[in-house]
Every structure is written in structure tokens, then in C-alpha cells.
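An overview of the molecular structure
Each chain, written out:
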Amino acid sequence: MKIHEYQAKQILRSFGIAVPRGDVAFSPKEAGAVARRLGGRCIVKAQIHAGGRGKGGGVKIAADVTEAEDLARQMIGMTLITHQTGPQGRKVRRVLIEETLDIAREIYVGVTLDRARGMPVVMACGQGGMEIEEVARRDPKAILIEPIDPLVGLRPYQVRRLAFALGLEGDEVKSATKLILALAKAYEETDASLVEINPLVVTRQGDLVALDAKMSFDDSALFRHPNIRELRDPDEEDPLEVEASANALNYIKLDGNVGCMVNGAGLAMATMDLIKLQGGSPANFLDVGGGATAEQVTAAFKILTADPNVKAVLINIFGGILRVDVLARGVVDAVRQVDVKVPIVARLEGTNVEEGKRVLSDAGLNFQVADGMLDAAKRVVALARES
Amino acid sequence: MSILVDEKSRVMVQGLTGREGSFHARQCREYGTRIVAGVTPGRGGQTHEEVPVFNTVRQAVDSEGADVSLIFVPPAGAADAILEASDAGIGVVVCVTEGIPVADMIRVMPAVARGGTRLIGPNCPGIISPGKCKIGIMPGYIHKQGPVGVVSRSGTLTYEAVAQLTRRGIGQSTCIGIGGDPLIGTNFLDALRLFRDDPDTRAVVMIGEIGGSAEEDAARTIAREMKVPMVAFIAGQTAPPGKRMGHAGAIISGGKGTAGEKMAALKEAGVHVVESPAAIGDQVQKLIG
């Protein structure tokens, strides 16, 4: 789960990390009030769950309160397009108003899971403010890594090693050590999957301040962090994806025209791949899970067919232990209930498969029963092309 | 032969009395697996699904000689269940549970390694040595005893691959679902080395997916160590970056973990990589049929 920059900064501040003074604003008037408290001159930053906001026009400096209000007026309600939002962009609904700082230097620090090591790592880089993935591609040696051993935690010597390698001096080393240890603590105690300060700035006064911050969290651990779960902003998610997760379905919208309903994430991805290989284009990823119920299948159909691009639907269920005849009756009921207009190709496998196929064929609906995955993909791609 | 588990395995089910645990314990036993004990704290002394239930794993081991554990405990308690099994000296622990917090697994992994336990999963379908025993949630009837090892990060996609093999008359030595989480006990390399040392495994099917670098890491060793032919499929060739595709571990992040990179690394290592998931069976047949 992702959260906004201003929320991440609130969390980091609670762990003792310095962030610029400021506050979130939902209207130009609120923005003006925050700017006034900061003495007029401030930065106005659009709050969306995507990076690259500066280049897209979502981060601007205001000289005074009036300009802060004007900028907030421009930004709130605008659709911000960055390289991370996709071409459709994201609507801005809130802005962060912050003091400006005298910046001497910009650094990158972050904590995330290193899957190969099986433990989190602190990443640091002397080139802050740039996209870290870009740096990693161009100059992988520029990224310094210190693993966090689950037994002993991040040790001060590791953090000092980072601070000196970053070229920090004197009191800066002490501040950086304290900050990075706090960052690792924030990562651990909130069950984060990523904490990133980019840039971490060294001011001309020698202070270390988190100028930008990003946090995302392990969905599987949210049950023990109700306060973090409350920070979820459904406006930042595709409405169909929100609806899907409410029904314990995994749905991701794509831009093709073949709707897919599959059980199991691996098989769902493989089905999308096969559609593409047959010359078609998947409209979505949808995993109904191992033990899909009739209610879930109905909800899945509603979500699939709410996408106007969908011209045909492929159901690929490898039930295994699941009784296919029961599943087939569920599918027939769902199609009747949702009133699906587009053609459906079904490929079902599992116990009682013959009976299941008969249920589908006899339903008098717009069904084609396929023989295997390849046959199903070929048929559905042809149907999507015809319509 | 087979790897890790066979007809002699004595299986205990942690979370036996739950809905999933009951159902799948029954299915496993019907397949021929020796389910010797169940563990549900507070239900010790009872009998469930004709199996004696114990309060602790240690009791189940002492009383019934269980040497493999199958875990269905819900996510919040699953890490604890894995540690309890490891602490009691269980050699092979299969954890089906999906949704265990990553931080829990970070702490569990070194402890399990210290205890010498082979953990399979979490978030996996389990392991089956066809004709001998099934320890997991996979449908038994699609399998057939034979010479092909199967290792996969997926569940239903593995069933698909196995069904393709069986339909062509090609049986399997052992099929392992290693799980879809970012941190798992047994990775591709571990499983491949077990197949390498099994004289009866004459080919291996490897099913990977986007996210992480386990496929690439395995590829570096495959060329050197694997003598039998290998077929691989990587799911997620059409997956968009930055989106978690169902499995917690299936995400392309920072341009890393794409299907393309994995397929290239495996091809380089001499693996027969198929683009289509429908071509797995045919490719194996070509190689050993």
C-alpha cells in the first residue's frame, strides 16, 4: 500500500527525522493559511501516488501567500501526468505547502527488501534528487548498500561507513548516522516495504532534512497497523481495482480488449501471455483465487464487464480439486445475473469436467467451451477481433 | 526415485482442525499419504479426520514419529508454526499459508536454516511425488509417476504444466511449488540441485514468473551443474511494471525482474525456454519422448 508524501513525512517525523515545516491543504484557502504561517515564501507540491511530479508541473515555488493560493488553485483539480502515472495522469486533490530551504547538497537514502539476501538493505547515494533506478542503470557502483541483519539489526559502524563514503564531515556524520538508524527503525516498526528520502538535503546551516519522502507498506502486515491502513487513499487507485479488492479478487486493469478471469496468479499471467502470443491484447489481470465462490465469480464478471474496452471474455479455471460442475453453474448464474453482452470462451479443468462442460453448453448463453488453453486463447482473440 | 518426500514420509498437519486443513488432509490421505498427526493448540487428545490431534508439534513428533509438516495456520500465526516445526526437528516443512508478513519471514529464515529444516513455501501448493505421496493442495489425479522433475513459483500454472505432461504419457518424479512470496525457504537453485542428485529425474521443468532474480541466480548455476535437459516458462511477459500481479513476489520494480531478462538468462544457460505456456508439454516430449 502506498501513501502520500505528506503522510510519509508525518511518520518519519515521529521517528525523529527532520522534515520541512509545512502542512497539507485541500483548498487554495487552506494553502494560503499554511503559507501565511510559513512567512509567505513556500513550495507548493501536488500530492499524488506517483513520482516525477516536478517535471509534470506539480512542484512550484510561491513568493508569497497570494501566489501560494494561486498555485494551489491551479494544481487542485488538475490532472498531473508524469512518467509514472501513465498517459491518463492522476487528478490532484491535495497539495503540500512547505518552507523553502537553503540547500548545500542532495543525497539519496532508502531502505527496502533485498530478496536475494533475504533481508532489508539500506541504500545510499551521493547523487540525490535523481531517480535511483536511473542511477542504478547508469552507474551501479554509485549506490552504496548496507544489509540489515535480522539478528543484530543495523549497526552504527555500518551507518558511519555510509556517511563517510557519502563524503559527509564533522557533525553531518553524527546527524546522518542518527537519521539513517531512525529510517531503518521506521521501516521495521511500520512493516514498510520501501522507505525513501530523495533528496535528503544538507542545508547551508548543516542540517539534514528530508525534502521528499516516499513510503509503501507490506499489504500482508497491515492487519497489525490499523493506523497506517487508514492512510489508504482510494482516489489514487483505479475504481475497479478498489471494487475487486473489496471482493478479495486480484484485478489489474490493462489497455487491451480481451477480458480474462483466471484462478491463480501464475496461470492468470500465463493466460495474458498466451493471448498476446495469439495476436490479441489482454484487458486485465484477474485472479479469482484458489477457492473462488459463486459470489466472487459474479463480482468478477461485474468488474470485468464494467470495462467498456472488453470485447470478449476468456475464463480459464484449472480447478483441480474444485468440482467443475459446481463452478460451471456459478458461472452460468453470474452471466445471467450480470447480463453479460460480450461473447465468452470458457476453458475449465478439474473434477467432473465433462459434466461442467455440459452445464455451460446447455445454458443457452453466449458461451464457447474450449478444449485446452491454446484453443481458448485462439477463440477469444478471434471473437474480440470480429466485434 | 523422488526428492524430499516419498511413501515413507510421516506427515503431520499444523492447523488440521481448520476448514482448509481438514479438507486437504483428507485429500492427501486419499492419495495415499501417511497423515499421522494433527496439531491444534487446545485440541490435544481429540481425534479429527481419524487422525490424533496434539497440542504441540513436539508431542506429535514424539508420539507419532512425524517427519514432515504441512502448515495451514492463518497468516498471523504461520511464522510461529514454521518455527515450532523446525524447533521440533521436522526435516521438511511445507507452508501453504498465503499472506505472511515479509518481516516475519525475514526473522524466520535464518532460524530455520540453523535448525537444518527444509522449508517449502510459504504461499505454495506443496510437494508431490506421484504414486507415493502428496503433501499439499494440488489435485493428485493429474499427476503420473515418471522421470520429469517440476519446480514452480506458481500453483494452478504448475497444474497446467503437469496436466500437459501427463496427457502425453510423461510422468513426474517430484513436483515442488516453491511459492509466490518474495521470501521463500526453498528457491529454484535448491530444488534444481535436489533434482540433479536424483538418478531417476531425467528432465526438469522450471516455471518462473516476474519479480526478483531467483531465475537469473539459478541460471548461473544451471549451465555448470545440470546435466539433464531443462524446459522453462516464465509467466508475466505482458505484465506492466510496478504492479503486483497477485503473488506478493510478482512485481517488476525499478525495471528489474522482467520476464525478458529471466528468459534470456535461462536461454544463455542452455535451458529450452518456451514462450507459450501451452508448449511446455510438447517441448518436454521433444527432448525425452
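Report on the accompanying structure. (Residues numbered from 1 in each chain as written. Chains lettered and ligands numbered in written order. Predicted model: local features only at pLDDT ≥ 70, side-chain atom pairs only at ≥ 80, totals over all residues.)

Moving on: the overall build of chain B. Secondary structure assignment for chain B yields 9 helices and 14 strands. A compact globule built from 289 residues should have a C-alpha radius of gyration of about 19 Å, and chain B, at 18 Å, falls within 12% of that. Seen through its C-alpha atoms, chain B measures out along the principal axes to roughly 55 × 40 × 30 Å. The buried share of chain B, reckoned over its 289 residues, is 60%. (Helix = DSSP H or I, 4+ residues; strand = E, 2+ residues; numbered from the N terminus. Rg over C-alpha atoms; globule rule 2.2 N^0.38 Å. Buried ≥ 20, exposed ≤ 12 C-beta atoms within 10 Å, placed from the backbone.)

Moving on, we get to the overall build of chain A. A tally of regular secondary structure across chain A gives 13 helices and 18 strands. Reported as C-alpha extents along the three principal axes, the dimensions of chain A are approximately 80 × 50 × 40 Å. Across the 387 residues of chain A, 47% fall into the buried class.

Next up on the list: the nonpolar core. Burial of nonpolar side chains together is a common tendency in soluble globular proteins. In this structure, L183, L286 and V380 of chain A together with I71 and I82 of chain B are the most contacted members of the largest nonpolar core, which totals 205 residues. Considering each element in turn, this core owes the most residues, 8 residues, to helix α9 (residues 265-277) of chain A. Sequence-distant contacts of L183 of chain A, that is, excluding residues within four places in its chain, are made with I17, V109, V111, V195 and I197 of chain A. One finds A62, I76, V92 and I97 of chain A within the second-largest nonpolar core, a separate group that totals 24 residues. (Core = buried A, V, L, I, M, F, W, Y, C linked by C-beta atoms within 7 Å. Contact = placed C-beta atoms within 7 Å.)

Further remarks concern the sheet that holds strand β3 (residues 59-62) of chain A. Within a sheet, neighbouring strands are paired by backbone hydrogen bonds and run either parallel or antiparallel to one another. Residue and element names in this part refer to chain A. Here 4 strands make up an open sheet; going across it, the order is β1-β6-β2-β3 and the pairing antiparallel. With partners counted over all chains shown, the strands left at the sheet margins are β1 (22-25) and β3, one partner each. Strand-to-strand twist of the sheet, defined as the mean angle between neighbouring strand axes without regard to direction, takes the value 20 degrees. Packed onto the sheet, helix α3 (residues 65-75) meets β1, β2 (42-46), β3 and β6 (95-98) and runs at close to 10 degrees relative to β2. (Pairing = 2+ DSSP bridges. Axes fitted to C-alpha atoms, helices over the stretch in contact; angles between N-to-C directions.)

Once that is clear, we can look at helix α8 (residues 259-268) of chain B. Residues and elements named next belong to chain B. Residues of α8 that are buried: A259, K262, M263, A265 and L266. Relative to the axis of α8, the buried residues are bounded by an arc of 165 degrees and lie together on one face. Structurally, α8 contributes buried residues whose contacts are with β12 (203-209), α7 (214-225), β13 (230-235) and β14 (272-273). Just downstream of α8, G270 is the residue with a positive phi angle, here 90 degrees. (Arc of directions from axis to C-beta.)

This paragraph deals with the interface of chain B and chain A. Facing 48 residues of chain B, the contacting portion of chain A comprises 44 residues. For the side of chain B that touches chain A, the secondary-structure elements that each account for two or more residues are α3 (75-87), α4 (102-114), α5 (156-167) and β12 of chain B. Per element, the largest residue contribution to the side of chain B that touches chain A is 6 residues, and it comes from α4 of chain B. Of the residues that constitute the side of chain B that touches chain A, the class distribution is 25 nonpolar, 16 polar and 7 charged. (Nonpolar A, V, L, I, M, F, W, Y, C, P; charged D, E, K, R; others polar.)

Attention now goes to the packing of helix α11 (residues 324-338) of chain A against helix α12 (residues 353-361) of chain A. All names here are of chain A. Look at α11 against α12: their axes get within 7 Å of each other, and the N-to-C directions meet at 15 degrees. Considered as vectors, α11 and α12 are oriented roughly parallel to each other. Relative to α12, α11 is oriented so that their crossing is right-handed. Of the residues in α12, those touching α11 at V324, D325, L327, A328, R329, V331 and V332 are V353, E355, G356, V359 and L360. The residue inventory of the contact of α11 with α12, partitioned by class, reads 8 nonpolar, 1 polar and 3 charged. (Parallel < 35°, antiparallel > 145°, perpendicular 65-115°, else oblique. Left-handed = near helix turned anticlockwise from the far one by under 90°.)

All names here are of chain B. Side chains V92 and V94 of strand β6 (residues 92-95) all project onto a buried face; the interleaved residues V93 and C95 project onto the opposite face, where all are buried too. In this sheet, β6 lies alongside strand β5 (residues 68-71) in parallel orientation, the contact comprising 4 bridges. Bridge pairing links L70 to V94 in β6. Handedness of the β-α-β unit built from β5, α3 and β6 comes out right-handed. Two strands pair when backbone bridges link them, and β6 and strand β7 (residues 118-120) are joined in this way by 3 bridges, in the parallel orientation. (Right-handed = clockwise from strand over helix to strand, strands pointing away.)

Peptide bonds are, in most cases, trans, and in most cases residues other than glycine have a negative phi. Here the bond from N198 of chain A into P199 of chain A is cis, since omega is 5 degrees, no more than 30 degrees from zero. For P199 of chain A, the position within the fold is in strand β10 (residues 192-203). The linkage connecting G121 of chain B with the following residue, P122 of chain B, adopts the cis geometry, with an omega of 10 degrees. With respect to the element layout, P122 of chain B can be found in the loop between β7 and β8 (126-129). One non-glycine residue, D191 of chain A, lies in positive phi territory at about 55 degrees. Within the fold, D191 of chain A resides in the loop between α6 (171-189) and β10. At E49 of chain B, a residue that is not glycine, the phi angle is positive and equals roughly 55 degrees. Inspection of the secondary structure assignment puts E49 of chain B in the loop between β3 (47-48) and β4 (51-54). Of the residues examined, E49 of chain B has 16 C-beta atoms within 10 Å and is grouped as partly exposed.

Looking now at the sheet that holds β5 of chain B. Residue and element names in this part refer to chain B. Reading across the sheet, the 7 strands line up as β3-β4-β2-β1-β5-β6-β7 and stay open at both edges, with mixed pairing between neighbours. At either end of the open sheet lies a strand with only one pairing partner, and these are β3 and β7. Taken together, the 2 bridges between β3 and β4 define a ladder with antiparallel strand orientation. Pairing of H48 across the sheet is with V51, part of β4. Contacts from helix α1 (residues 19-31) reach β1 (10-14), β2 (34-39), β3 and β4 within the one sheet, and its direction differs from that of β2 by about 165 degrees.

All names here are of chain A. Tracing the backbone shows L231 in the loop between α7 (226-229) and α8 (239-246). Taking the C-beta count within 10 Å as the criterion, L231 has 17 such neighbours and is therefore assigned partly exposed. For the pair formed by L231 and V65, sequence separation is 166 residues and the distance between their alpha carbons is 28 Å. In contact with L231, other than residues within four places in its own chain, are I3 and Q7.

All names here are of chain A. With burial as the criterion, each face of strand β13 (residues 250-253) is covered, one bearing N250 and I252 and the other bearing Y251 and K253. Direction of pairing for β13 relative to strand β15 (residues 284-287): antiparallel, over a ladder of 4 bridges. When the sheet's bridge partners are listed, I252 is paired in β15 with F285.

All names here are of chain B. By the secondary structure assignment, T221 is in helix α7. Given 15 C-beta atoms within 10 Å, T221 falls into the partly exposed group. T221 sits 29 residues away from L192 along the chain, and the two C-alpha atoms are 9.4 Å apart.

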